[in-house]
Amino acid sequence: MIEYVGIGDVKIAHNPEKLAIIGLGSCVCVAMYDESAGMGGVSHVMLPEPHGESVIEHAERACKYATVAVPVLMKKMIVKGAKKEHLKAKIAGGASIFRELDSLEIGDRNVAKVKEMLRKLDISIVAEDTGGNLGRTVIFDTKSFKLHIKTKSYTKVI
Amino acid sequence: MREELKLSEFQKDALQELGNIGACHATTSLAEMTGITIYTHVPKVEIIPVRDIMCRVDAYLIVAGVLLELRGDISAYLYVIFTERSAQFIIELLLGRTFGDTDDIEGDMGSSALKEVGNILASSFCDAISEFLGISVIPSPPVFACDMTGAILQRALIDIAGSADHVLMFRCDFKCEEEKSNDNNDKIYGYILLFPREESLKTLLSMLDEKVKEYD
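All of these numbers come straight from a predicted model, not from anything done at the bench.

Novice: With reference to specific residues and values, describe the overall build of chain A.
Specialist: Counting its regular elements, chain A contains two helices and 10 strands. Going from the N terminus to the C terminus, chain A shows its helices and strands as β-β-β-β-β-α-β-α-β-β-β-β. Expected size for 158 residues packed as a compact globule is a radius of gyration near 15 Å; at 14 Å, chain A falls within 12% of this value. Projected onto its principal axes, the C-alpha positions of chain A cover 45 × 40 × 25 Å. Counting only residues that meet the buried cut, chain A has 55% of its 158 residues in that class. Across chain A, contacts joining residues at least 24 apart in sequence account for 65% of those joining residues at least 6 apart. When the accessible surface of chain A is summed, it comes to about 6,800 Å², and 53% of that surface belongs to carbon and sulfur atoms. Taking the 23 positively charged and 19 negatively charged side chains of chain A as two groups, their mean positions are separated by 4 Å.

Quick look at the structure:
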């Protein structure tokens, strides 16, 4: 079974379910897993952090921001039975699709913020496929804990 | 707590009509450029939760997309999207290349040609709605990418959906004249997408309200 993870969604799945994000551009897919618990989760991050307004009271809705999504993903994993010290992460995305427009460098900033948050939470990143100029479709398999990545010019399993 | 974005049936119709005026002008210029009759579908106006957007478009499909930012009295993102096949066809038509040559979409010539087509369509779209509403809308220079629809659309979303939970998506599909005997019906297939910023949507709606009062 494949479940789709929309922008700002955080979803948890158990072996052998799969979680997918289709057409990932500058957004980042954060996949977190606990092998011994046989479960994994994916968060679809759109922006590094909220600017100005307070969104914390709507934490669930604020999961499009890396600063909110990464801790929420971890908490959800733990609530569903994962052990904090077993958690590992794999990330993909953060591309710059319109090369001429990348003054915002939002893809890079997303990746940097996700990494910063994971570091703060002491969760190691075991694999990544980030940056570049290509859109990605990613499927996270909670059986093998592999992230299957497909772009228009390559496919990769990390 | 922010207000939820909602449209009455009337407002939806008015926006649809406005988009229709823009889209018809845009496709007329495409028809003039290519010498092919272009049909426009009835436009759709939808308010979509940000997390569901990728389910409402064929996010995985690789398309040729031209993106322009609209500034002036309203602020929005406008996309002109072509299927890979029709992008190929348009390039061949405009550059006089041999049909069936397939590496051209991302080449310099191909992408410049498509950018220009997108620019012309977008300018006609803007001119039409500016004239109708008596406002000024200026499109930015076009940028181009050929990639998955989802990845292409994210560029507008990071900007307009940063603080909003819902976005308004206007979509108008267009295609070339039906031909009876062959499989050329999708020679030209594309669509125009418009994502206004939340505050511009309010401006648009109040301008449309004014417009209706003029006719009362």
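Novice: I'd love a proper account of the side chain of glutamate 69 of chain B, names of residues and values included.
Specialist: Residues and elements named next belong to chain B. In this structure, glutamate 69 sits in strand 3 (residues 62-72). Under the relative-accessibility criterion, glutamate 69 is labelled buried at 18%. A polar contact of 3.0 Å, which involves the side chain of glutamate 69, links it to the side chain of arginine 197. Discounting chain neighbours no more than four positions away, the residues touching glutamate 69 are Ala76, Tyr77, Ile138, Pro139, Ser140 and Arg197.

Novice: Could you give an account of the pattern of salt bridges, with specific residues and numbers?
Specialist: Residues and elements named next belong to chain A. Per the counting criterion, the structure on display carries 16 salt bridges over all chains. One salt bridge connects lysine 120 with glutamate 116, and the closest N-O pair in it is separated by 3.3 Å. A residue pair is termed a helical-turn pair when its members lie 3 or 4 positions apart in one helix, as lysine 120 and glutamate 116 do in helix 2 (residues 106-120) at four residues. With its nearest N and O atoms 2.9 Å apart, the salt bridge here joins lysine 156 to aspartate 129. With lysine 156 in strand 10 (residues 155-157) and aspartate 129 in strand 7 (residues 124-130), this pair connects stretches of sequence that are 27 residues apart. Assessed through its relative accessible area of 6%, aspartate 129 is described here as buried.

Novice: How would you summarise the nonpolar core if you had to cite specific residues and measurements?
Specialist: Core analysis: the biggest nonpolar cluster contains 81 residues, and Tyr79 and Phe195 of chain B have the highest contact counts within it. Per-element accounting of this core gives the leading share, eight residues, to helix 1 (residues 66-79) of chain A. Apart from residues lying up to four places away in sequence, tyrosine 79 of chain B is in contact with Phe98 of chain A together with Val66, Leu67, Ile152, Leu153, Gln154, Arg155, Ala156, Tyr191, Ile192, Leu193 and Phe195 of chain B. Residues Ala14, Phe89, Leu114 and Cys176 of chain B belong to the second largest nonpolar core, which totals 48 residues.

Novice: Mind laying out the state of the cysteines, listing which residues take part and the relevant values?
Specialist: Counted according to the given criterion, the structure contains zero disulfides over all chains. This cysteine, cysteine 27 of chain A, is not joined by any disulfide, and cysteine 29 of chain A carries the nearest cysteine sulfur, 10 Å off. Here cysteine 27 of chain A falls in the buried class, since its relative accessible area comes to 0%. Sulfur of cysteine 24 of chain B: no disulfide; nearest cysteine sulfur belongs to cysteine 172 of chain B and is 6.7 Å away.

Novice: For the packing of helix 1 of chain A against helix 2 of chain A, give the residues involved together with the corresponding values.
Specialist: Each pair of packed helices can be summarised by the angle the axes make with each other and by the distance between the axes. Residues and elements named next belong to chain A. Axis separation between helix 1 and helix 2 bottoms out at 9 Å; the angle between their running directions is 40 degrees. When the axis of helix 1 is compared with that of helix 2, the two are oblique. In this structure, helix 1 meets helix 2 at a crossing whose hand is right-handed. In contact with Ala66, Thr67, Val70 and Pro71 of helix 1, helix 2 contributes Lys113, Val114, Met117 and Leu118. Classifying every residue of the contact of helix 1 with helix 2 by side-chain character gives six nonpolar, one polar and one charged.

Novice: Can you explain the interface of chain B and chain A? Please cite residues and give values.
Specialist: Facing 31 residues of chain B, the contacting portion of chain A comprises 34 residues. Here chain B and chain A share an interface that buries about 2,600 Å² over both sides, 57% of which is from carbon and sulfur atoms. The tally of links between chain B and chain A comes to two salt bridges. Aspartate 9 of chain A is the salt-bridge partner of arginine 51 of chain B, the closest N and O atoms lying 3.0 Å from each other.

Novice: Describe unusual backbone geometry, naming the residues involved and giving the relevant values.
Specialist: Only a minority of non-glycine residues have a phi that is not negative, and only a minority of peptide bonds are not trans. Residues and elements named next belong to chain A. Asparagine 15 connects to proline 16 through a cis peptide bond whose omega is 5 degrees. Checked against the element boundaries, proline 16 lands in the loop between strand 2 (10-14) and strand 3 (18-24). Unusually for a residue other than glycine, aspartate 122 sits at a positive phi of about 65 degrees. With respect to the helices and strands, the residue aspartate 122 is situated in the loop between helix 2 and strand 7. Even without being glycine, phenylalanine 145 reaches a positive phi, approximately 60 degrees.

Novice: Describe the packing of aromatic side chains, with residues and values.
Specialist: Two numbers describe a pair of aromatic rings. These are the distance of the centres and the angle of the planes. One pass over the full model with this rule turns up five aromatic pairs over all chains. Centre to centre, the rings of tyrosine 33 of chain A and phenylalanine 140 of chain A are 6.0 Å apart; their planes meet at 40 degrees, and the pair counts as tilted. Here tyrosine 33 of chain A is found in strand 4 (residues 28-34), whereas its partner phenylalanine 140 of chain A is found in strand 8 (residues 136-141), with 107 residues between them in sequence. In this structure phenylalanine 140 of chain A comes out as buried when scored by relative accessible area, which is 0%. Between phenylalanine 125 of chain B and phenylalanine 170 of chain B, the aromatic rings sit 6.2 Å apart at their centres with planes inclined by 55 degrees, giving tilted as the arrangement. Pair noted here: phenylalanine 125 of chain B is in helix 4 (residues 108-133) and phenylalanine 170 of chain B is in strand 7 (residues 166-176), with a separation of 45 residues, a long-range link. No difference in accessibility class separates phenylalanine 125 of chain B from phenylalanine 170 of chain B, as the two residues are buried. Positioned above the aromatic ring of tyrosine 191 of chain B is the side chain of arginine 171 of chain B, whose terminal nitrogen or guanidinium carbon lies 3.7 Å from the ring centre.

Reading the values: rules and limits
- Residues numbered from 1 in each chain as written.
- Chains lettered and ligands numbered in written order.
- Predicted model: local features only at pLDDT ≥ 70, side-chain atom pairs only at ≥ 80, totals over all residues.
- Heavy atoms only, no water.
- Helix = DSSP H or I, 4+ residues; strand = E, 2+ residues; numbered from the N terminus.
- Rg over C-alpha atoms; globule rule 2.2 N^0.38 Å.
- Buried < 20%, exposed > 50% of the residue type's maximum accessible area, 1.4 Å probe, protein only.
- Contact = heavy atoms within 4.5 Å.
- Areas by Shrake-Rupley, 256 points an atom, 1.4 Å probe, with all protein chains shown as cover.
- Lys, Arg positive; Asp, Glu negative; His and termini not counted.
- Charge placed at Lys NZ, Arg CZ, Asp CG, Glu CD.
- Polar contact = N/O pair within 3.5 Å; in protein donor to acceptor, adjacent residues only side chain to side chain.
- Salt bridge = Lys/Arg side-chain N within 4 Å of Asp/Glu carboxyl O.
- Core = buried A, V, L, I, M, F, W, Y, C linked by side-chain atoms within 4.5 Å.
- Disulfide = S-S within 2.5 Å.
- Axes fitted to C-alpha atoms, helices over the stretch in contact; angles between N-to-C directions.
- Parallel < 35°, antiparallel > 145°, perpendicular 65-115°, else oblique.
- Left-handed = near helix turned anticlockwise from the far one by under 90°.
- Nonpolar A, V, L, I, M, F, W, Y, C, P; charged D, E, K, R; others polar.
- Buried area = accessible area lost by both parts, 1.4 Å probe.
- Phe/Tyr/Trp six-rings, centres within 6.5 Å; stacked < 30°, edge-to-face > 60°.
- Lys NZ or Arg CZ within 6 Å of the ring centre and 35° of its normal.

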